[in-house]
Amino acid sequence: ALSNILQMLGIDNWNIRDGKPLAIKQIRKQTGSLVEKNVISHVLRKTGWNRSRAAKILKISYKTLLLKIEMLQLEPPAEFN
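Residues numbered from 1 in each chain as written. Predicted model: local features only at pLDDT ≥ 70, side-chain atom pairs only at ≥ 80, totals over all residues. Heavy atoms only, no water.

Caption draft 1: Highlighting helix H3 (residues 51-58). The backbone nitrogen of serine 52 lies 3.2 Å from a side-chain oxygen of the residue at the head of H3, namely asparagine 50. Note on H3: the residue one or two positions beyond its end, lysine 59, has a positive phi of about 55°. (Polar contact = N/O pair within 3.5 Å; in protein donor to acceptor, adjacent residues only side chain to side chain. Helix = DSSP H or I, 4+ residues; strand = E, 2+ residues; numbered from the N terminus.)

Caption draft 2: View of the nonpolar core. Listed in full, the 10 residues of the largest apolar core are Ile40, Val43, Leu44, Trp49, Ala54, Ala55, Leu65, Ile69, Leu72 and Leu74. Listed by contribution, the elements that provide at least two residues to this core are helix H2 (24-46), H3 and helix H4 (62-71). For this core, the element with the highest residue contribution is H2, accounting for 3 residues. Not counting residues within four places of it along the chain, the set of residues in contact with leucine 72 comprises Ser33, Glu36, Lys37 and Ile40. (Core = buried A, V, L, I, M, F, W, Y, C linked by side-chain atoms within 4.5 Å. Buried < 20%, exposed > 50% of the residue type's maximum accessible area, 1.4 Å probe, protein only. Contact = heavy atoms within 4.5 Å.)

Caption draft 3: Examining the pattern of salt bridges more closely. Tallied over the full model, the rule gives 1 salt bridge. The partner of lysine 68 in a salt bridge is glutamate 36, and the shortest N-O contact between them spans 2.7 Å. Here lysine 68, found in helix H4, pairs with glutamate 36, found in helix H2; they are 32 residues apart in sequence, far enough to count as distant. Taking the relative accessible area as the measure of exposure, glutamate 36 reaches 25% and is therefore partly exposed. (Salt bridge = Lys/Arg side-chain N within 4 Å of Asp/Glu carboxyl O.)

Caption draft 4: Here's a closer look at H2. Given a rise of 1.5 Å per residue, 23 residues ought to cover 33 Å, and the 33 Å separating the end C-alpha atoms of H2 matches this to within 8%. Every buried residue belonging to H2 is among Ile40, Ser41, Val43 and Leu44, and all of these are buried. In this fold, the buried residues of H2 make contact with H3 and H4. (Expected span 1.5 Å × (residues − 1).)

Caption draft 5: Looking closely at the packing of H3 against H4. Put simply, H3 and H4 touch, their axes get as near as 9 Å, and they point 100° apart. Between H3 and H4, the angle falls in the class roughly perpendicular. Residues Arg51, Ser52, Ala54, Ala55 and Leu58 of H3 lie in contact with H4, whose contacting residues are Tyr62, Leu65, Leu66 and Ile69. (Axes fitted to C-alpha atoms, helices over the stretch in contact; angles between N-to-C directions. Parallel < 35°, antiparallel > 145°, perpendicular 65-115°, else oblique.)

Caption draft 6: Broad picture of the side chain of threonine 47. Here threonine 47 lies in the loop between H2 and H3. Reaching out from threonine 47, the side chain makes a polar contact with the backbone oxygen of leucine 44 at a distance of 3.2 Å. Not counting residues up to four positions away in its chain, the partners in contact with threonine 47 are Arg53, Ala54 and Ile57.

Caption draft 7: Structural view of unusual backbone geometry. A positive phi angle, close to 60°, is found at tryptophan 49, a residue other than glycine. Positionally, tryptophan 49 belongs in the loop between H2 and H3. Within the chain, glutamine 73 stands out as a residue other than glycine whose phi angle is a positive 55°. As for its position among the elements, glutamine 73 is in the segment after H4.

See below:
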């Protein structure tokens, strides 16, 4: 599981000996965005891309959900367009 996470973050080939900086703050930010994108995407799929229902399930405002969809570059599948 850890190797999958490291791969998704683009640090799977990281080696302590190569001297590259590995900032925990940056990792936290990247993982947070990745988790948020996956959760929002999952809820949107389960609600048939009903953004109003998804916002209620996620306990965020409709406007916030729309901003997150745009920021995370989520696109509905063709059947929901």
